[in-house]
Amino acid sequence: MKIFTDILNFLKSLAFVDYVFFFAVLVLMILVITLFYFIKINDDVLESDKKKKKPKEETQEMQIVKEINEAIAHDEPRSNIDFTDYEKDQEEKAIISYDELLKQDNNYEINYEKEEYLDDLSVKKFDLDHLVTRKETDEKPIFKGRVISFEKEEAFLQALKQLQNGLQ
């Protein structure tokens, strides 16, 4: 009975903080043991699922991905569009812009009689007697950009807004 009295005296000497600390350590130990138990159960479940799994059937998406990967690996150019002879001819001879037309046509250049700048607009008059000349040099023309002041740009924007409001 001396043991029980010693234990009782020991517990009476402890403060409230000591009790809280003791129970917190006890709860923490229980949580760690539970965590290890759940980890072991999940490992067993995953291993049994791997054994039970059957190979999945190949879906359409998986087949498409497989075909694309094979085509890329073999460098097979595949075209899903069938062009007619006329469409193929038009595609080969297609000209996107006037500049490309001039570039494709042995670098011809348009002749102008005179060029005027009205505000920020360039006005050019064609020389109809000598419309084009062939460029002899391969130098690229240098275009000098004209920058307008912020005030002119704001005034132009206001004029556009007024025009838009007038059209409505």
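Residues numbered from 1 in each chain as written. Predicted model: local features only at pLDDT ≥ 70, side-chain atom pairs only at ≥ 80, totals over all residues. Heavy atoms only, no water.

**Observations concerning the packing of aromatic side chains**
Here comes step 1: If you walk through the whole model with that rule in mind, you get 3 aromatic pairs.
Here comes step 2: The interplanar angle of 70 degrees and the centroid separation of 5.5 Å between the aromatic rings of Phe22 and Phe23 together place this pair among those described as edge-to-face.
Here comes step 3: Between Tyr37 and Phe38, the aromatic rings sit 6.0 Å apart at their centres with planes inclined by 55 degrees, giving tilted as the arrangement.
Here comes step 4: Residue Tyr37 is classed as exposed on the basis of its relative accessible area of 51%.
Here comes step 5: Overall, the relative accessible area of 49% leaves Phe38 in the partly exposed class. (Phe/Tyr/Trp six-rings, centres within 6.5 Å; stacked < 30°, edge-to-face > 60°. Buried < 20%, exposed > 50% of the residue type's maximum accessible area, 1.4 Å probe, protein only.)

**A look at the pattern of salt bridges**
Here comes step 1: Tallied over the entire structure, the rule returns 2 salt bridges.
Here comes step 2: Ionic pairing is found between Glu113 and Lys125, a salt bridge with its closest N-O pair at 3.4 Å. A residue pair is termed long-range when its members are at least 10 positions apart, and Glu113 in strand β2 (residues 112-118) and Lys125 in strand β3 (residues 121-126) qualify at 12 residues.
Here comes step 3: Here Glu113 falls in the partly exposed class, since its relative accessible area comes to 47%.
Here comes step 4: Looking at Lys125, the relative accessible area reads 44%, which means it is partly exposed. (Salt bridge = Lys/Arg side-chain N within 4 Å of Asp/Glu carboxyl O. Helix = DSSP H or I, 4+ residues; strand = E, 2+ residues; numbered from the N terminus.)

**A few points about the environment of Lys124**
Here comes step 1: Examined against the element boundaries, Lys124 turns out to sit in strand β3.
Here comes step 2: By relative accessible area, which is 39% here, Lys124 ends up partly exposed.
Here comes step 3: Beyond its immediate chain neighbours, meaning those up to four positions away, Lys124 contacts Tyr112, Lys114 and Glu115. (Contact = heavy atoms within 4.5 Å.)

**Topic: the side chain of Asp127**
Here comes step 1: Here Asp127 lies in the loop between β3 and β4 (132-134).
Here comes step 2: For Asp127, which is buried and forms no salt bridge, the nearest opposite charge comes from Lys125, at a distance of 8.6 Å.
Here comes step 3: Beyond its immediate sequence surroundings of up to four residues, Asp127 is in contact with Asn111, Tyr112 and Glu113. (Lys, Arg positive; Asp, Glu negative; His and termini not counted.)

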